[in-house]
Amino acid sequence: MASTSTALNGLLEEALQEASIGETTHFHWHATAVGIAALWQGDAPPSTPPFDQAVTEGLEVGLDLSREEREFHQVSDGLVLLFHS
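Small disclaimer: the values here were computed from a predicted structure and weren't measured.

Calculation notes
- Residues numbered from 1 in each chain as written.
- Predicted model: local features only at pLDDT ≥ 70, side-chain atom pairs only at ≥ 80, totals over all residues.
- Heavy atoms only, no water.
- Helix = DSSP H or I, 4+ residues; strand = E, 2+ residues; numbered from the N terminus.
- Buried < 20%, exposed > 50% of the residue type's maximum accessible area, 1.4 Å probe, protein only.
- Contact = heavy atoms within 4.5 Å.
- Phe/Tyr/Trp six-rings, centres within 6.5 Å; stacked < 30°, edge-to-face > 60°.
- Salt bridge = Lys/Arg side-chain N within 4 Å of Asp/Glu carboxyl O.

So, the overall build of the protein chain
- Within the protein chain, the secondary structure is distributed over two helices and five strands.
- If you list the helices and strands of the protein chain from N to C, you get α-β-β-β-α-β-β.
- Its C-alpha atoms give the protein chain principal-axis dimensions of roughly 30 × 25 × 25 Å.
- The buried share of the protein chain, reckoned over its 85 residues, is 40%.
- Considering only intrachain contacts with a sequence separation of at least 6, the fraction spanning at least 24 residues in the protein chain is 53%.

The structure is reproduced here in structure tokens:
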């Protein structure tokens, strides 16, 4: 589920510099070349990736992520949940 690809992390970090497509209570949402990235917002990330919470909050910004593949990445901006087909 997790990836340590530095190339992918680089792509995510670049995409996170662009304007978000929406914000919810716990995430800033970004469209990237590799999928939808949910950047965790908060003091400290949870001990396990909060995929279920992201799927629920994604609906608030018009994203149905329930059937997407999921992985998480730690980048310089923090925890990123990545959803892709």
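Moving on, there is more to tell.
Quick word on the packing of aromatic side chains
- With the rule as written, the count across this model stands at three aromatic pairs.
- With a centroid separation of 5.5 Å and an interplanar angle of 80°, the aromatic rings of phenylalanine 27 and tryptophan 40 are classed as edge-to-face. With phenylalanine 27 in strand β2 (residues 27-32) and tryptophan 40 in strand β3 (residues 35-40), the pair connects residues that are 13 residues apart, well separated along the chain.
- Taking the centre distance of 6.1 Å and the plane angle of 90° together, the rings of phenylalanine 51 and phenylalanine 83 count as edge-to-face. You can see phenylalanine 51 sitting in helix α2 (residues 51-60) and its partner phenylalanine 83 sitting in strand β5 (residues 78-84), a full 32 residues away along the chain.
- For phenylalanine 83, a relative accessible area of 2% gives the class buried.
- In textbook terms, an aromatic cluster arises when at least three aromatic residues are bridged by ring pairs, as seen for Phe27, Trp29 and Trp40.

Notes on the pattern of salt bridges
- Using the criterion set out here, one finds one salt bridge in the structure.
- A salt bridge links arginine 70 to aspartate 52, with the shortest nitrogen-to-oxygen separation between them at 3.9 Å. Taken together, the positions of arginine 70 in strand β4 (residues 69-75) and aspartate 52 in helix α2 put the pair 18 residues apart, joining distant regions of the chain.
- Using a relative accessible area of 28% as the deciding quantity, one classes arginine 70 as partly exposed.

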